Every structure is written in structure tokens, then in C-alpha cells.
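Listed below are the residues making up each chain.
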Amino acid sequence: MQGLLWIILVVWLMLLISLLATTADYYFVPPLEYLSFDMLKLSPEVAGITLLALGNGAPDVFGAMAGINGQDDFQVVLGALLGASIFISSVVLGCVLLAVRSTSVDKPTFQRDVVAYLLTVVVIVAIAHDGKVSIYEAIGLLICYVIYVAVVVVRSRQAAAAQR
């Protein structure tokens, strides 16, 4: 009986993931492509760290705000956000690499992104150490993101200029 329950749950999970992928494919990707490539003329790398990240992270932001608003659940929200990022960095990336079978990664770009991720996690740990977040620490995290976007934009433009 318990084995049947597990099979039903796994099938249900696969169905939900398939529905999520289909929904994203029809309702998220086309507007994102139109905005980033046709309207704003962004490179795929810059579109990925700005518009895609905004669309993908917006539910996390609103969920975190709802979790903290009027409550004292900072640890739960922080755990959820870091858990989601670790899940994406390990499980999703691993599944994508398994599905692709053969790919190459630009080593400097990959190293830049990994270093930025690790530095951000270290900053978050330092901020969360005392259990309180000041306005300056929050602004500091936003500044970290702006610096990361600026570095990616500059590197993207340099690569485009080198190809011409």
C-alpha cells in the first residue's frame, strides 16, 4: 500500500513539473524574448541576469515579504530563499546538464558567477549572524546586485566589441 502511494506521489510530481514547464514555455518565455531581444536589444547573458532573474525571483520576493511582514520568521524566510537558490544551483543545473549531454561552459563566465554567488552567501551569513537586518545591510545587498549586473554588462559589451 505504501509503495503505491509513493508511485502516485512521484507521478503527481512529474505531472506538476511538466505543467510548470509547459506554462513557462507558453506564457513566460515568449514575452521575455520579446522584451529582452526585440525591444531592449539585450544580450542573452544580460537578459538572463536581469529580466529572467526578475521574473523567476518575483514570487520568492513576494513570498518572503509575506513571510516576514508582521511576523518574526526571518529564519524560515532566509532558509527558504537560500534553500531555493541551492536547489537551483545544484539540482536544476545538474538536470539541465544531464539533459544536454554535451556542452561547453565559458570558464571565466562560470567562475565569475560562482564567485559572485559565494560572496553573496558569505555576505548574507554575515548579515544574519546577529539575527537582525539593518537598512544599510539591505541596501548593501542591493548594491552587490547592481555591481554584479554592471560587471556582466561591461563584460558582455567587451565580448560583443571583440567579435566585431
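Residues numbered from 1 in each chain as written. Predicted model: local features only at pLDDT ≥ 70, side-chain atom pairs only at ≥ 80, totals over all residues. Heavy atoms only, no water.

## Topic: the side chain of Thr109
(1) Moving on: Residue position: Thr109 is located in helix 5 (residues 107-128).
(2) Moving on: A polar contact is formed between the side chain of Thr109 and the side chain of Asp106, at a distance of 2.4 Å. (Helix = DSSP H or I, 4+ residues; strand = E, 2+ residues; numbered from the N terminus. Polar contact = N/O pair within 3.5 Å; in protein donor to acceptor, adjacent residues only side chain to side chain.)

## Section: the nonpolar core
(1) Moving on: Counting residues in hydrophobic clusters, the biggest one holds six residues: Val46, Ile49, Ala116, Tyr148, Val149 and Val152.
(2) Moving on: Of all elements in the fold, only helix 3 (44-68) and helix 6 (135-163) reach the threshold of two or more residues within this core.
(3) Moving on: With three residues, helix 6 is the single largest residue contributor to this core. (Core = buried A, V, L, I, M, F, W, Y, C linked by side-chain atoms within 4.5 Å. Buried < 20%, exposed > 50% of the residue type's maximum accessible area, 1.4 Å probe, protein only.)

## Re unusual backbone geometry
(1) Moving on: A positive phi is found at Lys41, a non-glycine position, where the angle reads about 55°.
(2) Moving on: Considering the arrangement of structural elements, one finds Lys41 in the loop between helix 2 (29-39) and helix 3.
(3) Moving on: Take Lys41: its relative accessible area is 63%, and that puts it in the exposed class.

## Let's talk about the pattern of salt bridges
(1) Moving on: What the rule picks out here adds up to two salt bridges.
(2) Moving on: Close ionic contact of Arg112 with Glu45 constitutes a salt bridge, the shortest N to O distance being 3.0 Å. One end of the pair, Arg112, is in helix 5; the other, Glu45, is in helix 3, and 67 residues separate them in sequence.
(3) Moving on: Notably, a salt bridge pairs Arg112 with Asp113, separated by 2.9 Å at the nearest N-O pair.
(4) Moving on: For Arg112, a relative accessible area of 12% translates into the label buried.
(5) Moving on: Asp113 gets classed as partly exposed once you look at its relative accessible area, which sits at 28%.
(6) Moving on: Through salt bridges with shared partners, one network takes in Glu45, Arg112 and Asp113. (Salt bridge = Lys/Arg side-chain N within 4 Å of Asp/Glu carboxyl O.)

## A short note on the environment of Val96
(1) Moving on: Along the chain, Val96 falls in helix 4 (residues 74-100).
(2) Moving on: In this structure Val96 comes out as partly exposed when scored by relative accessible area, which is 44%.
(3) Moving on: Separated by 40 residues in sequence, Val96 and Asn56 place their C-alpha atoms 17 Å apart.

## Some details on helix 5
(1) Moving on: Compared with the 32 Å implied by 1.5 Å per residue over 22 residues, the 31 Å span of helix 5 between its first and last C-alpha is a close match.
(2) Moving on: When helix 5 is considered as a whole, its buried residues turn out to be Thr109, Arg112, Ala116, Ile124 and Ile127. In an axial view of helix 5, the angular spread of the buried residues amounts to 100°, which keeps them on one side of the axis. Away from the buried face of helix 5 by more than 90 degrees, exposed residues Lys107, Val122, Val125 and Ala126 are located.
(3) Moving on: Next to the buried residues of helix 5 lie helix 3, helix 4 and helix 6. (Expected span 1.5 Å × (residues − 1). Arc of directions from axis to C-beta. Contact = heavy atoms within 4.5 Å.)

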